[in-house]
Amino acid sequence: MKLGMFMMPLHPPEKDRTECFEEDIELVVHADELGFTDVWVGQHHSAAWEPIPANDMFIAHMLPLTKNIRFGPGVVIVPHHHPVNVAVRIAYLDHLARGRLNCGFGQSGVPTDWELFDLPDPRTQGLMTLEGIDMVLKLWQAEAPFDFKGDFWRIRIENPNPEVALGPMLKPYQKPHPPIAMSVVKGTSMGARTAGERGYIPVSTNVVPAATVAQHWQTYCAGAEGAGRPNPDRSIWGVSRSIFVGESKKEAWDFAVNSTFGRSWDYMIKIVKAANLLDIMKMHPDMPDDEVTPEYVLKNICIIGDVAECVRQLEDLWDVTGGFGTLLMIAHDWDDKARWMQSMMLLADEVIPALPSV
């Protein structure tokens, strides 16, 4: 199994922003040194717990500071951007990375971001996302003149001027484009089905129980089969989990409960509830809302314990899902740097080697 990272990131709102960003930089450098294979970087505009508003800028900064780890915006929130801007910025970033780049697409789950960009209902945002992806893919192949007409955007260059090279747009370094991923949240996610239809990388969220993660792959496979792509390779699938590995089970649980790790789940529950998605966190559909607490999440969705216990919990996740290619550790605030560095080391050096691979 490969080990990667999904970085929202998660920092308490009262923490100095510059300190947060410097911590994020150090975290990714440490992950690269430990052999993490990839890191996905989130993007939010009005979520104080998740303060990176420009993930492409963060990635550009990290490229010369790392050697092997692959980067990916996780995700480009398509309804927040004009597709032309997405196409040229990702293409440029791919050149700066010399191909050490993936590209995740998706939509926002933050209601204040919806307001900020004056966006429609989530279903319409989903349709915008699909159209925006198609527009980006067309732009990465097109030569002017062209005229792409959609329901949400019209993109055109009708009068190129070859004499002064007006009209050509930057294409990605990787051909035909960087590997594309889509974030997957709901069990019957439109994103999972679309990813299956198109052969994109599915990246499962960390906020749902194992049974829902298993449903992600079923939905992905249904999309693949419908598009004539039976039996997709599980090795491309990334599954996100919040993980803390301690020296003992007691030490790990004491830290998880009494640190920003545990506190962050109060935020995550509230933000999911604000988006009318609280049901996705429940192990049973008839579970009362007030039972979805940080303690419930720590016990039923997170991976917490010593090495042996974390191996056991991840083997259970493997059995329920049928297996996946990359475990994506969620980046949590380094409120205790030494403990988090040790947790990452134990995860990379002892937990991951003990797990099966597809």
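The structure displayed is predicted, hence computed values, not measured ones.

Peer 1: Would you take a moment to explain the overall build of the protein chain for this structure?
Peer 2: When helices and strands are tallied, the protein chain shows twelve helices and 13 strands. Rg of the C-alpha trace for the protein chain: 20 Å, near the compact-globule value of 21 Å for 358 residues, within the 12% margin. Counting only C-alpha atoms, the protein chain reaches 70 × 45 × 40 Å along its principal axes. Here the protein chain holds 358 residues, and 56% of them are scored as buried. Expressed as a percentage of contacts within the protein chain between residues at least 6 apart in sequence, the contacts between residues at least 24 apart total 74%. For the protein chain, the accessible area works out to roughly 15500 Å², and carbon and sulfur atoms hold 52% of it. Within the protein chain, the 47 negative side-chain charges are centred at a point lying 5 Å from the centre of the 31 positive side-chain charges.

Peer 1: Looking at this structure, how should I read the layout of surface pockets?
Peer 2: Regions of empty space are outlined by a rolling probe, equal in size to a water molecule, passed over the atoms. If you add up the space inside the largest pocket, you get close to 1100 Å³. Lining the largest pocket are 44 residues, and of these Gln107, Ser108, Gly109, Ser183 and Val185 lie nearest its centre. Ranked by residues supplied to the lining of the largest pocket, first place goes to helix 5 (residues 122-139) with five residues. Its residues placed into classes, the lining of the largest pocket shows 23 nonpolar, 18 polar and three charged. Surrounding the second largest pocket, 15 residues form its lining, Ala210, Asn300, Gln313, Asp316 and Leu317 being those nearest its centre. For the lining of the second largest pocket, the secondary structure elements donating two or more residues are helix 7 (210-226), helix 10 (294-300) and helix 11 (307-321). It is helix 11 that provides the largest number of residues to the lining of the second largest pocket, a total of five residues.

Peer 1: Where do I start with the state of the cysteines in this structure?
Peer 2: By definition, a disulfide links two cysteine residues through a covalent bond between their sulfur atoms. Tallying each qualifying case throughout the model produces zero disulfides. The closest cysteine sulfur to the non-disulfide-bonded cysteine 302 is located on cysteine 310, 11 Å from its own sulfur. By relative accessible area, cysteine 302 is classed as buried at 4%.

Peer 1: What is the right way to look at the pattern of salt bridges in this model?
Peer 2: Side-chain pairs of opposite charge can arise whenever the charged atoms involved come near each other. Counted according to the given criterion, the structure contains 18 salt bridges. The closest approach of N and O atoms between arginine 89 and aspartate 56, which form a salt bridge, is 2.6 Å. Of this pair, arginine 89 sits in helix 3 (residues 83-96) while aspartate 56 sits in helix 2 (residues 55-62), and the two are 33 residues apart along the sequence. Looking at aspartate 56, the relative accessible area reads 14%, which means it is buried. A salt bridge links glutamate 251 to arginine 339, with the shortest nitrogen-to-oxygen separation between them at 3.3 Å. Of this pair, glutamate 251 sits in helix 8 (residues 249-257) while arginine 339 sits in helix 12 (residues 337-351), and the two are 88 residues apart along the sequence. For glutamate 251, a relative accessible area of 17% corresponds to the buried category. Residue classification places arginine 339 among the partly exposed residues on the basis of a relative accessible area of 30%.

Peer 1: So what exactly am I meant to see when it comes to the packing of aromatic side chains here?
Peer 2: The relation between two aromatic rings is expressed through the spacing of the ring centres and the mutual angle of the planes. Per the counting criterion, the structure on display carries eleven aromatic pairs. With 4.5 Å between their ring centres and 35 degrees between their planes, phenylalanine 244 and phenylalanine 255 make a pair best called tilted. Taken together, the residues phenylalanine 244 in strand 11 (residues 243-245) and phenylalanine 255 in helix 8 connect sequence positions eleven residues apart. Neither residue differs from the other here; phenylalanine 244 and phenylalanine 255 are each classed as buried. The rings of Trp217, Tyr220, Trp237, Trp318 and Phe324 are connected pair by pair, giving a single aromatic cluster.

Peer 1: Looking at this model, I keep getting lost on the pairing of strand 13 (residues 326-332). Mind explaining?
Peer 2: Here is the key point about a regular strand: its side chains alternate between the two faces of the sheet. Summarising burial for strand 13: seven of the seven residues are buried, a large majority. Residue alternation in strand 13 divides its side chains into two sets, Thr326, Leu328, Ile330 and His332 and Leu327, Met329 and Ala331, and both sets are buried. Pairing analysis gives six bridges linking strand 1 (residues 2-10) to strand 13, with the strands arranged parallel. By the bridge assignment, glycine 4 is partnered in strand 13 with leucine 328. Here four bridges tie strand 10 (residues 238-241) to strand 13, and the two strands are oriented parallel to one another.

Peer 1: I'm lost on helix 7 in this one. Help?
Peer 2: Side chains that are three or four residues apart share a direction in an α-helix, a result of its 3.6 residues per turn. In this model helix 7 runs 25 Å from its N-terminal to its C-terminal C-alpha over 17 residues, within 8% of the 24 Å that 1.5 Å per residue would give. Those residues of helix 7 not exposed but buried are Ala210, Thr212, Val213, Ala214, His216, Trp217, Thr219, Tyr220, Gly223 and Ala224. Along its buried surface, helix 7 packs onto strand 8 (180-184), helix 6 (190-198), strand 9 (201-204), strand 10 and helix 11. Directly beyond the C-terminal end of helix 7, a positive phi value near 80 degrees is found at glycine 228.

Procedures and definitions
- Residues numbered from 1 in each chain as written.
- Predicted model: local features only at pLDDT ≥ 70, side-chain atom pairs only at ≥ 80, totals over all residues.
- Heavy atoms only, no water.
- Helix = DSSP H or I, 4+ residues; strand = E, 2+ residues; numbered from the N terminus.
- Rg over C-alpha atoms; globule rule 2.2 N^0.38 Å.
- Buried < 20%, exposed > 50% of the residue type's maximum accessible area, 1.4 Å probe, protein only.
- Contact = heavy atoms within 4.5 Å.
- Areas by Shrake-Rupley, 256 points an atom, 1.4 Å probe, with all protein chains shown as cover.
- Lys, Arg positive; Asp, Glu negative; His and termini not counted.
- Charge placed at Lys NZ, Arg CZ, Asp CG, Glu CD.
- 1 Å grid on protein atoms, 1.4 Å probe; cavity = no way out; pocket = protein on both sides within 12 Å on 5 of 7 lines; lining within 4 Å.
- Points joined across faces, edges and corners; volume = space filled by probe spheres on them.
- Nonpolar A, V, L, I, M, F, W, Y, C, P; charged D, E, K, R; others polar.
- Disulfide = S-S within 2.5 Å.
- Salt bridge = Lys/Arg side-chain N within 4 Å of Asp/Glu carboxyl O.
- Phe/Tyr/Trp six-rings, centres within 6.5 Å; stacked < 30°, edge-to-face > 60°.
- Pairing = 2+ DSSP bridges.
- Expected span 1.5 Å × (residues − 1).

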